[in-house]
Amino acid sequence: MTATLAEIAAVCDAELRGDPADEITNVASLHNAAPGDLTFYANKRYRADLETTRASAVMLAATDVPACPTASLVTEDPYLAYAKAARFLNPAPEFAPGVHPTAVIEANADIAADCFIGANTVVGCNAVIGARTYIGPGCVVEAGVKIGSHCHIHSRATLMERVEIGMRVLIHPGVVIGADGYGIANDSGRWLKIPQLGNVMIGDDVEIGANTTIDRGAIENTVIEAGVKIDNQVQIGHNVRVGEHTAIAGGAVVAGSTKIGRRCMIGGASAIAGHIEIADDVVLTGMSGVSNSITQAGVYSSGVPITDNMTWRRNMVRFRRLDELARRVAAMEKLIE
Amino acid sequence: MTATLAEIAAVCDAELRGDPADEITNVASLHNAAPGDLTFYANKRYRADLETTRASAVMLAATDVPACPTASLVTEDPYLAYAKAARFLNPAPEFAPGVHPTAVIEANADIAADCFIGANTVVGCNAVIGARTYIGPGCVVEAGVKIGSHCHIHSRATLMERVEIGMRVLIHPGVVIGADGYGIANDSGRWLKIPQLGNVMIGDDVEIGANTTIDRGAIENTVIEAGVKIDNQVQIGHNVRVGEHTAIAGGAVVAGSTKIGRRCMIGGASAIAGHIEIADDVVLTGMSGVSNSITQAGVYSSGVPITDNMTWRRNMVRFRRLDELARRVAAMEKLIE
Amino acid sequence: MTATLAEIAAVCDAELRGDPADEITNVASLHNAAPGDLTFYANKRYRADLETTRASAVMLAATDVPACPTASLVTEDPYLAYAKAARFLNPAPEFAPGVHPTAVIEANADIAADCFIGANTVVGCNAVIGARTYIGPGCVVEAGVKIGSHCHIHSRATLMERVEIGMRVLIHPGVVIGADGYGIANDSGRWLKIPQLGNVMIGDDVEIGANTTIDRGAIENTVIEAGVKIDNQVQIGHNVRVGEHTAIAGGAVVAGSTKIGRRCMIGGASAIAGHIEIADDVVLTGMSGVSNSITQAGVYSSGVPITDNMTWRRNMVRFRRLDELARRVAAMEKLIE
């Protein structure tokens, strides 16, 4: 849709420096924007693109206005303002209600009249699906699943039996929620499977990325609290609890029974051990490995930086003997004293 | 179902300290258990919960009996005893045989009469499915696949052509078995795909977690031996062999042609290079990176621990020069001598 | 099929030492080959197998001929020669064109007459599918998707709306292309979803492994250039560009807006941060973590090697204080001076 700069400034709570009547048709990147586009500047890496952008307007911080060759929308948080403008210019498409003739709806499924159920999707016995919820093609909603209103479940997701999903939840393709947790006990060298009797509870406004898996609890429930945003290919083990408004980036693995606090940011490809607790407001940079509880808010990291392979090989030899090196240093210090 | 403490003690081979006639209806966690529940104590982290549990009975080690406020089932391995009790109280649900009318069964598929084939599942030509096997909705069983008896394949799994699955195998949603291995050869800067001609053989009593992938062999077969338990989001490359009763936790990656021994425990998010061998009874802690063969049983680890980001950044600078640091220490040692 | 050694030598551009009329029926590994099989020797780990192979012929380097007990096909790159021979002996199977009666084809989908569309596959409005393309069962091709000619899309892949796929692209089961990127902005502690308005462009001759996910761009497109080969369980974030003929092994994670050059080799389970650039011809060994741009071609590594758990625990304590250790060494050096 089209909007004036004045309308966008109002939506984004930004201060306009430019013609309020100028019309914007969509958002674009600094580099690719053309006249009629709105863009934003929030990362110094793209400074050169700011100075040469052809956009009709740029959202940016007050200090960057001098470098901007076009109209500005000044705000403390240009990325957030961009998010608001992009949502305003691109409202979610409406869908026509209906159940595709190839969908399989089992007995006693309770589907609100204004839902959409896609081709070849299976809805099991006693499942309950709330108002204005969209379920794409090829999904499997097992018996007794409860899905709230205004959810959007893309194609080929599986919700296992009795899983409960809140309102306005967004689930991308290939997601599996409520598969058995990894519960096995060793019986004289063989593994005995432990029945996974808990459930999964997904709060309101959660987003779950493509091919992510969230296991059902062993005896208690796995809980994803409201507002949590999970990227693709994430694995959440049984009995895990993720606190409100926490974000978990792609490829992260959270082992069973761990509690993650509220408003945490878990970097991509991180691995978090089982049976530990992460405090509220913890930030893990990418590829962090966490084997013990983190009790204080803050930014944490692990791993070692990339080097050329030759240097790395030499450092590795030393690393294997790091404890010995430290002892030698201590011995010398004593001697010198 | 309901059982008496006497029955449960017999099933679990535990020594009962309490009223043999007391009735148990299900299992629960120490924290959430109510009267009528059975629970277990196997991890010191939960000591406070033991002392205040409302469960009717607790499975625990003899040394912990004094701290238990209720009936005890004394055993050397409370977790194993719990597994046995949970299985006894929660037998696998029966299913009615049948082929869903929307399932697509191609020519000459040989499906035992007492199987269940779910909605929209496709079974290819000449596939063979053994007695009492359940295949959920949305699966794709390609031509020539052989599945043994008493398997349970949840929704939306793909078994590629000719894959062979043993008996009592449990496969969770989204699993892909027998896709092409990653076989490419470099031809003057372009990659030439190598036909993947091997197969995948899955032994009896294997469990495979949601969205896990196991590639078919390049020329030989990929082999998962009996009793192996694989968690979610694991990647097993072509020609890999995983020995009996090995457990592989979530997000682990095993590159091609590697042989993993028997009774190993591979920690979550570990990565194992190709063309190496891991001995029997090796334990890798989480997020281990293995680039060379491991020839002896034992517990192995890699990675560096998490620290606050500031300390980590300083350590990283030093790490890049670890070899140089070691040389400087050696030089000083010489000097002092 | 069957071929003579002379034919194979011609296909592979190898020098034959043996009887040109000898017939080969297929390829096999050094260890398992029987008479009638062709094999190759390219990895010193398998030297013993070379010396005892029962194959009819071995492809190998000139220096290894003396150790070969049978006919040789001498070439500088035995692995590439093997790839060519395996392709020659195992041509891709033909398929009969047709649309399975259970496939759901929406309005205005433009499917070439010689395509195959499998059971329960859904093709959305205005999708375009080129000549001789095969789409297996259970796929979801959303509205407006464009797929070139001679592609092979295995079962249960999802291509989200408007995604564009080149020619001869091979997509394995469970792949999701074009799901929303992970775009969220923090609004006073809550996450606001940013509409993902870009697309995904997949070049010619790309291969994408099972359960891999490639997100659509936020405003620009995610681009996978021609000839790129991606293994299983890989995650490619929004706006990423992967240069021609780059190979990405299993479980790697590439965060948003990163540009990877041409002819790179990204090791399995590697993690690459967002908004950085990797030069052409960079090789990352397995499980590398990259947080900054790499501007020069070469081999790079990170991570620390596996050790027995006891040694690792001691080294970890030292690692946490590596900066302090370096300071102590520097202080001593000053003192000694």
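Each value, and the rule that gives it
Residues numbered from 1 in each chain as written. Chains lettered and ligands numbered in written order. Predicted model: local features only at pLDDT ≥ 70, side-chain atom pairs only at ≥ 80, totals over all residues. Heavy atoms only, no water. Helix = DSSP H or I, 4+ residues; strand = E, 2+ residues; numbered from the N terminus. Expected span 1.5 Å × (residues − 1). Buried < 20%, exposed > 50% of the residue type's maximum accessible area, 1.4 Å probe, protein only. Arc of directions from axis to C-beta. Contact = heavy atoms within 4.5 Å. Axes fitted to C-alpha atoms, helices over the stretch in contact; angles between N-to-C directions. Parallel < 35°, antiparallel > 145°, perpendicular 65-115°, else oblique. Least-squares fit on C-alpha atoms with pLDDT ≥ 70 in both. Phe/Tyr/Trp six-rings, centres within 6.5 Å; stacked < 30°, edge-to-face > 60°. Lys NZ or Arg CZ within 6 Å of the ring centre and 35° of its normal. Pairing = 2+ DSSP bridges.

Undergrad: Got a minute to help me understand helix α4 (residues 309-320) of chain B in this structure?
TA: Along an α-helix, a turn takes 3.6 residues, which lines up residues three or four apart on a common side. Spanning 12 residues, α4 of chain B covers 16 Å between terminal C-alpha atoms, matching the ideal 16 Å at 1.5 Å per step. For α4 of chain B, the set of buried residues is Asn309, Trp312, Asn315, Met316 and Phe319 of chain B. Projection of α4 of chain B onto a plane perpendicular to its axis shows the buried side chains occupying an angular sector of 115°, all on one side. In α4 of chain B, the exposed positions angled more than 90 degrees off the buried face are occupied by Met310, Arg313 and Val317 of chain B. Check the buried side of α4 of chain B and you find it contacts β39 (298-301) and α4 (309-320) of chain A, β40 (307-308) and α5 (322-336) of chain B together with α4 (309-320) and α5 (322-336) of chain C.

Undergrad: Teacher, can you tell me more about helix α1 (residues 5-12) of chain B here?
TA: Residues and elements named next belong to chain B. Along α1, the positions that sit buried rather than exposed are Leu5, Ile8, Ala9 and Cys12. Down the axis, α1 shows its buried residues gathered within 100° of arc, on one side only. Once α1 ends, the next one or two residues include Asp13, with phi positive near 60°.

Undergrad: What should I look at first to understand the packing of α4 of chain B against α5 of chain C in this one?
TA: For any two helices packed against each other, the geometry is given by the interaxial angle and the distance between the axes. Between α4 of chain B and α5 of chain C, the shortest axis-to-axis distance is 8 Å and the interhelical angle comes to 55°. In this view, α4 of chain B runs oblique relative to α5 of chain C, as classed from their interaxial angle. Across the interface between the two elements, Arg314, Asn315, Arg318 and Phe319 of chain B from α4 of chain B touch Leu322, Asp323, Ala326 and Arg327 of chain C from α5 of chain C.

Undergrad: I tried to follow the relation of the copies chain A and chain B on my own but got confused; where do I start?
TA: Two copies of the chain are present, and they differ by a rotation about an axis and a shift along that axis. Structural alignment of chain A on chain B gives an RMSD of 0.1 Å, achieved by rotating through 120° and translating 0.0 Å along the axis. Overall, the copies show the geometry of a three-fold rotation axis. When C-alpha distances to the rotation axis are compared across chain A, the minimum falls at Gly303 of chain A, with a value of 3.6 Å.

Undergrad: Can you help me understand the packing of aromatic side chains in this one?
TA: Each pair of aromatic rings is reported with the distance of its centres and the angle of its planes. Summed over all chains, the structure comprises 18 aromatic pairs over all chains. Taking the centre distance of 5.6 Å and the plane angle of 45° together, the rings of Phe40 of chain A and Tyr79 of chain A count as tilted. Here the residue Phe40 of chain A occupies a position in strand β5 (residues 37-40), and Tyr79 of chain A occupies one in helix α3 (residues 78-89), the gap between them amounting to 39 residues. For Phe40 of chain A, a relative accessible area of 17% gives the class buried. Judged by relative accessible area, which is 29%, Tyr79 of chain A ranks as partly exposed. For the pair Phe40 of chain B and Tyr82 of chain B, a centre-to-centre distance of 4.3 Å together with 20° between the ring planes defines the contact as stacked. Of this pair, Phe40 of chain B sits in strand β5 (residues 37-40) while Tyr82 of chain B sits in helix α3 (residues 78-89), and the two are 42 residues apart along the sequence. Of the two residues, Phe40 of chain B and Tyr82 of chain B, neither departs from the other in class, the shared state being buried. An aromatic cluster is defined as three or more aromatic residues linked by ring pairs; in this entry it consists of Phe40, Tyr79 and Tyr82 of chain A. Taking NZ or CZ as reference, Arg132 of chain A lies 4.1 Å from the ring centre of Phe95 of chain A, over its face.

Undergrad: Mind showing me how you'd approach the sheet that holds strand β32 (residues 253-254) of chain C here?
TA: Sheets are built from strands that pair by backbone hydrogen bonding, the pairs being arranged parallel or antiparallel. Residue and element names in this part refer to chain C. Overall, parallel pairing links the 10 strands, which are arranged β9-β12-β15-β18-β21-β26-β29-β32-β35-β38 in an open sheet. Only two strands of the sheet have a single neighbouring strand rather than two, namely β9 (104-105) and β38 (289-290). Bridging between strand β15 (residues 140-141) and strand β18 (residues 158-159) involves 2 bridges; their strand directions are parallel. Pairing of Val140 across the sheet is with Thr158, part of β18.

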